[in-house]
Amino acid sequence: MDILHNLALGAGVAFSLHGLLFCFVGVLVGTFVGVLPGIGPLAAISLALPLTYYLSPPIALIMLAGIFYGAQYGGSIAAILLNLPGTASAAVTCLDGNQLTKQGRPGVALFTAAIASFTGGIFALVMVLGFTPMIASFATDFGAQDYFSIMLLGLVAASTLSVGSPLKGMTMVVLGIALGMVGIDDTSGAERFTFGLLALSDGVNLVALAMGLFGVGEILANLGQTHREPLKTDGLTFRSMLPRREEWPGLWRTILRGSGIGAFVGALPGSGPAIAAFMSYAAEKKISRNPEAFGKGELRGVASPESANNAAVQAAFIPTLSLGIPGDAVMAVLLGAMILHGITPGPMLVTSEPEMFWGLVVSFGIGNFMLLILNLPLIRVWVRMLSIPYHVLYPAMLFFICVGVYSVRNSVFDIYSTLIFGVIGYFLIRLRYPPAPLLLGFILGPMMEVHFRRALLLGRGDYTTFFDSVPSTVFLILSALFLLLPLWSTFRRRTARLSKEGRD
Amino acid sequence: MTRPINWLQVGAAALLGLVGAFFVWHGSDYPMGSLRRMGPGFFPVIVGAVLLLFAILLVLEVAHSEKEKDFWIPRPILMVSAGFVAFAALLERAGLVPATLVMVILVSLAEKPLRPVSAAANAVALSVLGVVVFLYSFGIPVAAIHW
Amino acid sequence: MRFFKWLTVPFLLLCLTGGAQAAWPDKPVQLVVPYPPGGNVDFNARIIADRLEKEFGQPFVVENRPGAGGMIAASHVINAKSDGYTLFVAPNGPVLFSPLLFRKDNYFWKDDFAPIGSISFVPLVLQVNPELGVDSAEALFEKAKANPGELTMASPGAGTQNHLISEMMQRLLDTEWLTVQYAGNAPATTDLLGGRVDFNFDQYTVARQYINSGKLKALAVTSPERLPSLPNVPTLKELGYPDAVTETFTGLFGPAGTPDEVVDKLNAALEKILNDPAVEEKFETAGADARAMDVDEFKAFLNEQYERWATLIREADIHR
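Every value quoted in this text rests on a predicted model; they were computed, and no experiment measured them.

Student: Is there a simple way to think about the overall build of chain C in this case?
Tutor: Secondary structure assignment for chain C yields 12 helices and 10 strands. C-alpha extents for chain C along the principal axes are approximately 70 × 40 × 30 Å. The proportion of buried residues among the 320 residues of chain C is 60%. Across chain C, contacts joining residues at least 24 apart in sequence account for 77% of those joining residues at least 6 apart. Counting only carbon and sulfur atoms, one obtains 52% of the accessible surface of chain C, whose full area is about 12,300 Å². Averaging the positions of the 28 positive and the 41 negative side-chain charges in chain C gives two centres separated by 5 Å.

Written as structure tokens, this is what we have:
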């Protein structure tokens, strides 16, 4: 058996003393980095790079990858407890996670996030093990029209993200798309809406936007409250952190669905964990029997994005390792790390460096396990953080936001933009405009524009190009269903009521 | 019985409409291209127009919504802004420690009652933490203190 | 490990300066990189940072300041004190062309930078998807001439060296193809691998892996000489297009006014580092060619590059 042989080879690397030690260091640093708002896996990995000079290449990669997925997990902690999304994908976790905290169930939310992340990671690992060559060819088959259609699906799904007025939610999506247009237009090279500011030519900084809208906005809203309820928590025993018995079955299905969506979206270069988390959350809400519960402290609203983003992060290694195509900036640093270690990434990596590839894959399993073991006991520590008085906590949060945002690209400008988005965020919160759809529009909008125009350019201006490929056609049909389904269900409800009235 | 007009909500919706109008107006400065080959101006104009349309619908939706209580909070907004601006201005010129001290003190003033001792202690603690975590561990490219 | 490194510091310093007063460097030196970590330029900076640290006994810290085609980093360096403690590791674009491409006159390389030396050179490769059924550069060019506007070329961004050489070739061949812009090499390569675009010009650092594995086919290289690792691939110069000779270089710069003494020290150190077989090998594995130049040689090289490509940018009206 090939796969057993490969696994054994990988286990030899990953279970070595060095392998275990640096895997642990990686996930530990990752968790820590994820908890700190803004610092993010990118900064941590680039800073850890020089340290890996003294390690053998597979071990170095194991550690750096550990930082990456550890940070995804850590990001959920600050999101759930403090409504501070360290990464864009954690912004989705904020929606229900922070509500759960406010309802006094932070332990349950953190526990669910841990289990969901773990399952998502293991799910993606199985995919990497079994299907890497297949998925790799699939990734290059995905063209501009397919990307456009899948993102359209995401955007349509986003209309379900909001709590309250659907019109306000849709307006926020559009405002997000508009904000996303600031900066250089990739297709033509023209600068748009930069007002001559150099710092805006690459667009609004995503971290500044997320931190401002969610973090600073929320803090301002809290400070404005004349009377604040002290946070109650649900005790600190292990039992109190477990979801209720009736919540379990639905939770497992949610986690598996999230893992599937996450692994699929993550394997596409150029999509990433944030889109995976948004899509999976939206899908979950769509198929849920009581979608009204989402955004108000629904446990599945934590499980879904958390399983999806962790699955996506690990699935992203498929195109990176088997094709040499980095899906995002973090993957680009990991490829850079390989080159520094004298390893040529690319289509031949799996065969030319089997020890590294399989060692890394096996280490994902170990790392996820370590994260689970490490974090379940830590939940108690994190929850205690909430008992810090707010007048001590909020200056610290603001301070971490400032340094974190600065460190993303060493830019003072981004500190100012965080402040502006923070004030806007406060107004949005108070006027009941949901910030999450804005963020999704901001991420998806520019990508949709680029892919739409590129598809038309390559298709020589023929709009049927969007129905030329199978994935694109499928996603377009799904988008149409997403739009029509609510109409149909209102129609059904009405006819049901009518027939019932008729019988009476 | 209808509630009186909620001018705050109407104003916010109108502001969003202005943003939409701005995108249409400014976006049309860029080449529009054609439906088959779109220029950089095409999407901004469409998006701006949709935003404008939504804003108009919103004005109708929110006109008589319930009034927000305690909406204007000048003190927190001012003090948090002052803290951010001071931090941004001092970070690269004076160093991380002075920037942190000034920032933490300023944002601590956002809330009543004033707690000078606790704010000062917090500022010192965070400066130390910042230097250890961000300068020594993460190596962000600023000095602790510029002489 | 670290401890031993520090022990060697005074010793190395002594060797280098012959016991004279070593004024520079007596504190950490920043190497500003105009891109996020992970790319070719960052790789250059990290390799030489490690070695310069060993040479001079002070930390050389790589600082990524991405944005605006490298102009954010460039402005940062220009506005820093010209004392040799803030240096710029950058390729063609941010130093020579970005202000032109962005239609800004915020700096001009001759007035605002002190060139110190070259670090490495990366040739570009003209490559196609094998499914296009084109076996040679001549065949591709014939096809382009016979069907103007039909072939598609993937560029990693407006105004990149890859885009510029494509514009140059269209002029030299007197034909046109459809330029499809992407945000970076990765998505451009993906579409080339998937056969959705016909060809591109890509840095050998990126292209090499696909050429070696047979996923893409190299038709020509833009370096002045054939590459040792691709002996059967002709240069564009051989094919009769000497004006299309180009390489992406990475160089070391200080802000204008950096003391000559510092420039000379750094240039000498680069010369030594880049001729070290271990360093040469590192660059070679990455697909780059470590090559040092003395200061005057480097300035002349920059001047030649600027004259040729800036003219093209103005005439072809390329902008970002």
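Student: Just checking my understanding: could you explain the overall build of chain B for this structure?
Tutor: The helix and strand inventory of chain B stands at five helices and zero strands. What you see in chain B, going N to C, is helices and strands ordered as α-α-α-α-α. A compact globule built from 147 residues would reach a C-alpha radius of gyration of about 15 Å, whereas chain B, at 23 Å, exceeds it by more than 25%. Dimensions of chain B along its principal axes, counting C-alpha atoms only, are 55 × 55 × 20 Å.

Student: Even after reading the chapter, I still don't get the pairing of strand 6 (residues 178-181) of chain C, so can you show me in this structure?
Tutor: Working note: regular strand, side chains alternate between the two faces of the sheet. Residues and elements named next belong to chain C. Both faces of strand 6 are covered, namely the face carrying L178 and V180 and the face carrying T179 and Q181. Judged from the four bridges that link them, strand 5 (residues 152-155) and strand 6 form a sheet pairing that is parallel. Across the sheet, M153 pairs through a bridge with T179, a residue of strand 6.

Student: What exactly am I supposed to notice about a nonpolar patch on the surface here?
Tutor: Residues and elements named next belong to chain B. On the surface, a cluster of nonpolar side chains totalling about 540 Å² of accessible area is made up of L101, V102, V124, V128, V132 and Y136. With four residues, the single largest contributor to the nonpolar patch is helix 5 (residues 116-137). Tracing the chain through its elements places V102 in helix 4 (residues 96-108). Its relative accessible area of 33% is what places V102 among the partly exposed residues.

Student: Just checking my understanding: could you explain helix 8 (residues 185-193) of chain C for this structure?
Tutor: One turn of an α-helix holds 3.6 residues; hence residues three or four places apart share an orientation. Most of helix 8 of chain C sits inside the fold, with seven of its nine residues counted as buried. When we look at burial in helix 8 of chain C, the residues that qualify are C:A186, C:A188, C:T189, C:T190, C:D191, C:L192 and C:L193. Looking at the buried positions of helix 8 of chain C, the neighbouring elements they touch are helix 6 (106-141) and helix 20 (435-458) of chain A together with strand 4 (113-128), strand 5, strand 7 (199-203) and helix 9 (204-212) of chain C.

Student: Just checking my understanding: could you explain the UniProt feature "transmembrane region" (unreviewed entry) in chain B for this structure?
Tutor: Residue and element names in this part refer to chain B. Within this numbering scheme, the UniProt entry marks residues 7-26, 41-60, 72-89, 95-111 and 123-145 as carrying the feature "transmembrane region" (unreviewed entry). With 89% helix and 0% strand, residues 72-89 has its two end C-alpha atoms placed 27 Å apart. Counting secondary structure, residues 95-111 comes out at 76% helix and 0% strand; the distance between its end C-alpha atoms is 26 Å.

Student: Which parts of the structure should I look at to understand the UniProt feature "domain: DUF1468" (unreviewed entry) in chain B?
Tutor: UniProt records the feature "domain: DUF1468" (unreviewed entry) for residues 10-141 of chain B in the present numbering. For residues 10-141 of chain B, helix accounts for 72% and strand for 0%, while the C-alpha atoms at its two ends are 45 Å apart.

Student: Whenever I open this one, the interface of chain B and chain A confuses me. Can you help?
Tutor: Interface size is often expressed as the accessible area that is lost when the parts come together. Between chain B and chain A, the residue contacts involve 66 residues of the former and 65 residues of the latter. Approximately 5,800 Å² of surface area, both sides summed, lies buried where chain B meets chain A, with 76% of it carried by carbon and sulfur atoms. For the chain B face of the interface with chain A, the top three residues by lost area are B:F84, B:F134 and B:F138, together amounting to 12%. For the interface between chain B and chain A, the tally reads one salt bridge. A salt bridge links B:E68 to A:R432; the nearest nitrogen and oxygen atoms lie 3.3 Å apart. For the interface between chain B and chain A, the tally reads 15 residue pairs in polar contact (both at pLDDT 80 or more). Elements that contribute at least two residues to the side of chain B that touches chain A include exactly helix 1 (7-27), helix 2 (42-62), helix 3 (74-94), helix 4 and helix 5 of chain B. Taken together, the residues of the side of chain B that touches chain A sort by class into 45 nonpolar, 11 polar and 10 charged.

Student: Can you help me understand the side chain of A:S363 in this one?
Tutor: For A:S363, the position within the fold is in helix 17 (residues 354-385). When residues no more than four places from it in sequence are discounted, the contact partners of A:S363 are A:A14, A:C23, A:I62 and A:Y69.

Student: It is not clear to me how the packing of aromatic side chains should be interpreted in this structure. Could you clarify?
Tutor: Two descriptors summarise a pair of aromatic rings, namely the distance from one centre to the other and the angle between the planes of the rings. Under the criterion given, the structure shown has 51 aromatic pairs over all chains. Grouped by ring-pair contacts, the aromatic residues C:F88, C:Y107, C:F113, C:F121, C:F249, C:F253, C:F298 and C:F301 constitute a single cluster. Positioned above the aromatic ring of A:Y433, the side-chain terminus of A:K168 is 4.9 Å from the ring centre.

Student: I keep staring at unusual backbone geometry and nothing clicks. Help me out?
Tutor: Leaving glycine aside, a negative phi is the common case for residues, and trans is the common case for peptide bonds. Put simply, B:K112 and B:P113 share a cis peptide bond, and its omega is -5 degrees. Turning to its location among the elements, B:P113 is positioned in the loop between helix 4 and helix 5. Geometrically, the link from C:W24 to C:P25 is a cis peptide bond, its omega value of -5 degrees lying close to zero. Among the structural elements, C:P25 can be located in the loop between helix 1 (2-17) and strand 1 (29-33). Even without being glycine, A:F193 reaches a positive phi, approximately 55 degrees.

Student: What is the right way to look at the packing of helix 12 (residues 273-287) of chain A against helix 13 (residues 300-315) of chain A in this model?
Tutor: A pair of packed helices can be characterised by two numbers: the angle between their axes and the separation between those axes. Residues and elements named next belong to chain A. The N-to-C vectors of helix 12 and helix 13 enclose an angle of 145 degrees; their axes lie 8 Å apart at closest approach. The two elements helix 12 and helix 13 cross, and the hand of that crossing is right-handed. Between helix 12, through P273, A276, A277, S280, Y281 and E284, and helix 13, the contact on the second element is made entirely by R300, G301, S304, P305, A308, N309, A312 and V313.

Student: Where do I start with the confidence of the model for chain C in this structure?
Tutor: Parts of the prediction with low pLDDT should not have their coordinates interpreted in detail. Residues and elements named next belong to chain C. The pLDDT averaged across chain C works out to 86; a share of 93% of its residues lies at or above 70. Within chain C, helix 1 has the poorest average pLDDT of any element, 44, and strand 8 (residues 217-221) the best, 95. Note on residues 1-21: pLDDT is under 50 here. Beyond four places in sequence and across chains, it has 15 contacts.

Student: Explain the pattern of salt bridges to me, please; I cannot follow it from the model alone.
Tutor: Where charged atoms from two side chains of opposite charge approach closely, those side chains can pair. Residue and element names in this part refer to chain A. Summed over all chains, the structure comprises 23 salt bridges over all chains. In this structure, E284 engages R257 in a salt bridge whose closest nitrogen and oxygen atoms are separated by 2.7 Å. Taken together, the residues span a long stretch of sequence, with E284 in helix 12 and R257 in helix 11 (residues 248-267) at a distance of 27 residues. Judged by relative accessible area, which is 31%, R257 ranks as partly exposed. Linked through salt bridges whose partners overlap, the residues forming this network are D185, R192, E449 and R453.

Student: Would you mind going over the nonpolar core with me for this structure?
Tutor: Generally speaking, soluble globular proteins have nonpolar side chains that are buried together. Judged by nonpolar contacts, the single largest core of 178 residues is most densely connected at B:F84, B:F87 and C:L266. If one sorts the elements of this core by residue count, helix 4 (residues 57-82) of chain A sits on top with 16 residues. Sequence-distant contacts of B:F87, that is, excluding residues within four places in its chain, are made with A:F399, A:C402, A:V403, A:I415, B:L96, B:A99, B:T100 and B:M103. Counting 81 residues, the second-largest nonpolar core is a separate cluster that includes A:L175, A:I275, B:A13 and B:F42.

Student: Looking at this structure, how should I read the packing of helix 11 of chain A against helix 12 of chain A?
Tutor: All names here are of chain A. At a minimum axis separation of 9 Å, helix 11 and helix 12 run at an interaxial angle of 140 degrees. The angle between helix 11 and helix 12 places the two elements in the oblique class. Of the two possible hands of crossing, helix 11 and helix 12 adopt the one that is right-handed. Of helix 12, the residues touching helix 11 (which contributes T254, R257, G258, I261, G262 and V265) are I275, A276, M279, S280, A283, E284 and I287.

Student: What is the right way to look at helix 2 (residues 40-56) of chain C in this model?
Tutor: Residue and element names in this part refer to chain C. The end-to-end C-alpha distance of helix 2 is 24 Å, a good match for the 24 Å that 17 residues give at a rise of 1.5 Å each. Most of helix 2 sits out of view: 16 of its 17 residues are buried. In the stretch just after helix 2, G57 is the one whose phi turns positive, near 70 degrees.

Student: What should I look at first to understand the environment of B:V102 in this one?
Tutor: Separated by 24 residues in sequence, B:V102 and B:L78 have C-alpha atoms that sit 15 Å apart. Excluding residues that lie within four positions of it along the chain, B:V102 makes contacts with B:A86 and B:L90.

Student: Please explain the environment of A:I122 as it appears in this structure.
Tutor: Residues and elements named next belong to chain A. Along the chain, the position of I122 falls in helix 6. Using a relative accessible area of 27% as the deciding quantity, one classes I122 as partly exposed. For I122 and H5, which are 117 residues apart along the polypeptide, the C-alpha to C-alpha distance reads 20 Å. Excluding residues within four positions of it along the chain, I122 makes contact with G365 and N368.

Cut-offs and rules
- Residues numbered from 1 in each chain as written.
- Chains lettered and ligands numbered in written order.
- Predicted model: local features only at pLDDT ≥ 70, side-chain atom pairs only at ≥ 80, totals over all residues.
- Heavy atoms only, no water.
- Helix = DSSP H or I, 4+ residues; strand = E, 2+ residues; numbered from the N terminus.
- Buried < 20%, exposed > 50% of the residue type's maximum accessible area, 1.4 Å probe, protein only.
- Contact = heavy atoms within 4.5 Å.
- Areas by Shrake-Rupley, 256 points an atom, 1.4 Å probe, with all protein chains shown as cover.
- Lys, Arg positive; Asp, Glu negative; His and termini not counted.
- Charge placed at Lys NZ, Arg CZ, Asp CG, Glu CD.
- Rg over C-alpha atoms; globule rule 2.2 N^0.38 Å.
- Pairing = 2+ DSSP bridges.
- Patch = residues over 30% accessible without salt bridge, like charges linked within 9 Å, V, L, I, M, F, W, Y side chains within 5 Å.
- Salt bridge = Lys/Arg side-chain N within 4 Å of Asp/Glu carboxyl O.
- UniProt positions renumbered as here; feature names shortened; annotations may be inferred.
- Buried area = accessible area lost by both parts, 1.4 Å probe.
- Polar contact = N/O pair within 3.5 Å; in protein donor to acceptor, adjacent residues only side chain to side chain.
- Nonpolar A, V, L, I, M, F, W, Y, C, P; charged D, E, K, R; others polar.
- Phe/Tyr/Trp six-rings, centres within 6.5 Å; stacked < 30°, edge-to-face > 60°.
- Lys NZ or Arg CZ within 6 Å of the ring centre and 35° of its normal.
- Axes fitted to C-alpha atoms, helices over the stretch in contact; angles between N-to-C directions.
- Left-handed = near helix turned anticlockwise from the far one by under 90°.
- pLDDT = per-residue confidence, 0-100.
- Core = buried A, V, L, I, M, F, W, Y, C linked by side-chain atoms within 4.5 Å.
- Parallel < 35°, antiparallel > 145°, perpendicular 65-115°, else oblique.
- Expected span 1.5 Å × (residues − 1).

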